[in-house]
Amino acid sequence: MGELEKFENLLETRLSINKTLKKGEVVRGRIVKIDERTVYIDIGYKVEAIMPKEELPEGAKEGDEIKGVLIKFSKGIPVLSFRRYLNERLYGFLKSAYEKGKLVEGRIEEILENEYIVNISGLKAILPKSEARQGLRKNIRVIAKIIELSASKSGLRIVLSEKDFIEQRRKRRKERILAKLKVGDVIDGKVIKIDPEKGITLLVKNILRAFLPKEELSWGRDKNPYNYTEVGERLKVKVKRIPKDGEFIFVSLRELKGNPWEKAKESINKGQILSGRVVDITDKGVFVEVLEGVEGFVPKDEVGYDNTMPNRWDKVNVKVLEFDPEQRRLILSIKRTLPKPWEEYLKKHPVGSRVKGKVERFEGASAIIDLGEVKGIIHRSDLSWFKPGRVEEVLKIGEEREFAVLGLEGKYVKLGIKQLQENPWETFVKKYKVGDKVKLKVTSIHPFGAFLEFPEGLEGLLPLSEIDDIKNIKVGDEIEVRIIDIIPNSKITLSAKEEKKNEEIINEGSESGFTLGELLKRKMKL
């Protein structure tokens with residue numbers, strides 16, 4: 001307190017000794033005593049004024065100066081009210097703040113069930129919990145707006161709201177965050193809303209809203225927000241755009257991961273086996289995503305061995321057939337990662353097994369057989385141990401019959417019919433040898449010779465050169481012949497000429513230019 005103010009107070013005290021006090025006027029004095037119920041105040045009057053102790057300002061003590069409104073005389077003793085003084089002194093200020101929408105300051109004095117009691121320079125105000133921040137405690141400072149101000153005989157009614165203060169604080173904080181934020185920054189936000197048609201809304205630092213469009217979720221086709229996060233989770237994103245109004249910023253999840261085709265250069269090679277999932281199916285083939293945002297095309301003929309198409313989102317293995325990351329071209333095959341069905345069939349039905357199949361079609365001198373899981377093939381040479389007829393004469397389209405498994409021929413299972421029976425050649429070579437003479441029946445005659453049938457069912461060829469005159473024989477005749485050559489499982493050559501002696505062969509050979517070695521070799525063959 002300055003010297004001038006001290007002098008003025010002293011002067012006012014001395015002048016007031018003989019002054020007549022009036023009810024309602026403001027009186028200044030000094031606290032001289034405080035007991036359990038009453039405060040005694042020296043106001044320069046002939047007697048000390050009194051004030052109820054409950055009106056004493058918090059922290060006031062003996063020796064402090066205080067003001068009050070004279071409300072009455074009790075047996076000649078002035079009775080002061082500090083509360084009424086506050087009401088009258090602050091009312092103008094509060095009314096102006098209320099009318100102009102300005103904020104006032106106070107402290108939480110009491111916490112009730114649905115409201116807080118706020119002390120504003122000694123005045124009691126109500127702050128409903130619906131108008132306040134969460135988690136307020138006693139003695140916490142609040143800055144609020146007066147939303148109701150009324151005076152009555154019972155005193156002033158002041159109702160407060162923190163909402164404007166909260167909004168102003170939120171706005172200032174939001175402005176500070178936006179001032180530091182720039183495109184390309186990575187930020188963290190809490191997911192507060194998911195719209196499957198539009199995208200995800202995030203709350204950044206509990207104040208700034210960020211929108212993640214579903215197009216920015218992934219480089220791939222999966223744009224379902226629920227496959228990336230849930231409400232309440234935290235998500236890292238990259239700032240993509242900051243509008244001038246600052247209401248929403250736009251962010252991207254996929255840009256955090258970089259261009260996937262650049263990564264693919266380092267991880268994908270031709271011939272490699274990859275795992276992926278089917279993301280689209282067309283008439284020409286299927287698209288498989290092998291990395292997020294990297295899709296390859298599987299032509300229809302590379303999907304499978306049985307033309308079965310996978311379902312969308314199925315997990316599959318694929319083999320890289322072509323890869324050009326610059327052109328974003330990736331050709332894949334599912335089929336080439338699968339076990340070859342004909343090889344699997346042969347494991348179940350090894351060589352020598354008997355299987356059933358249906359004749360599907362003819363191809364040249366062969367027939368294609370439907371074995372159910374795979375296709376089989378049978379050649380004319382495997383129809384019979386004897387002279388086979390045309391394949392169309394032995395088999396009929398749609399006919400179902402038994403076959404012997406001989407092995408694999410490309411993607412076909414090689415089949416036979418003759419192998420279902422004992423090989424007559426095995427019996428033949430045990431029974432006959434070159435030089436044996438046999439009497440056989442003629443079965444057919446041709447310009448190059450005649451065929452004769454052995455009892456075992458095999459036929460031997462009697463060449464034109466080994467018969468004196470083919471005109472002398474006819475089909476059905478039995479003639480004696482000599483075996484001059486046997487090629488097992490293939491051919492028997494016969495002769496109807498008389499066997500010549502060695503000297504004759506040598507002489508003939510000398511005349512025709514044969515060497516002795518060649519003649520001996522020919523003789524051995526005969």
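Above this text you will find the structure in question.
Residues numbered from 1 in each chain as written. Predicted model: local features only at pLDDT ≥ 70, side-chain atom pairs only at ≥ 80, totals over all residues. Heavy atoms only, no water.

1. Details of the sheet that holds strand β13 (residues 208-213)
The strand order β11-β12-β13-β15-β14 describes a closed barrel built from five strands, whose pairing is mixed. The average angle at which neighbouring strand axes cross in this sheet is 55°, direction not considered. One ladder, built from three bridges, connects strand β14 (residues 234-241) with strand β15 (residues 248-252); its direction is antiparallel. Note on β15: the bridge partner recorded for Lys238 is Ser252. (Pairing = 2+ DSSP bridges. Helix = DSSP H or I, 4+ residues; strand = E, 2+ residues; numbered from the N terminus. Axes fitted to C-alpha atoms, helices over the stretch in contact; angles between N-to-C directions.)

2. Some words on the pattern of salt bridges
Side-chain pairs of opposite charge can arise whenever the charged atoms involved come near each other. Across all of its chains, the model carries 36 salt bridges by this definition. Where Lys348 meets Glu373, a salt bridge forms, and the shortest distance between an N and an O atom there is 3.7 Å. Of the two residues, Lys348 is situated in helix α5 (residues 341-348) and Glu373 in the loop between β22 (366-370) and β23 (375-379); the sequence distance between them amounts to 25 residues. Judged by its relative accessible area of 56%, Lys348 falls in the exposed class. On the basis of relative accessibility, which here comes to 51%, the residue Glu373 falls in the exposed class. For Lys433, the salt bridge identified is with Asp436, shortest N-O distance 3.2 Å. With a relative accessible area of 54%, Lys433 lands in the exposed category. (Salt bridge = Lys/Arg side-chain N within 4 Å of Asp/Glu carboxyl O. Buried < 20%, exposed > 50% of the residue type's maximum accessible area, 1.4 Å probe, protein only.)

3. Details of helix α7 (residues 424-431)
All buried positions along α7 are accounted for by Pro424, Trp425 and Phe428. Projection of α7 onto a plane perpendicular to its axis shows the buried side chains occupying an angular sector of 95°, all on one side. Check the buried side of α7 and you find it contacts β29 (478-487) and β30 (491-495). N-capping of α7 is provided by Asn423, with a side-chain oxygen placed 2.9 Å from the backbone N of Trp425. (Arc of directions from axis to C-beta. Contact = heavy atoms within 4.5 Å. Polar contact = N/O pair within 3.5 Å; in protein donor to acceptor, adjacent residues only side chain to side chain.)

4. Considering the pairing of strand β6 (residues 103-111)
Sheet analysis places β6 next to strand β9 (residues 141-152), joined by five bridges and oriented antiparallel. When the bridges of β9 are listed, Val104 appears paired with Ala144. In the sheet, β6 pairs with strand β7 (residues 115-120) via four bridges, with the strands oriented antiparallel. The residue bridging Glu110 from the neighbouring strand is Ile117, located in β7. Remark: three residues form the turn of the hairpin made by β6 and β7, two consecutive strands paired antiparallel.

5. Structural notes on the pairing of β15
Bridge analysis of β13 against β15 gives three bridges, and the strand direction is parallel. Residue pairing for β15: Arg209 is matched across the bridge by Phe248.

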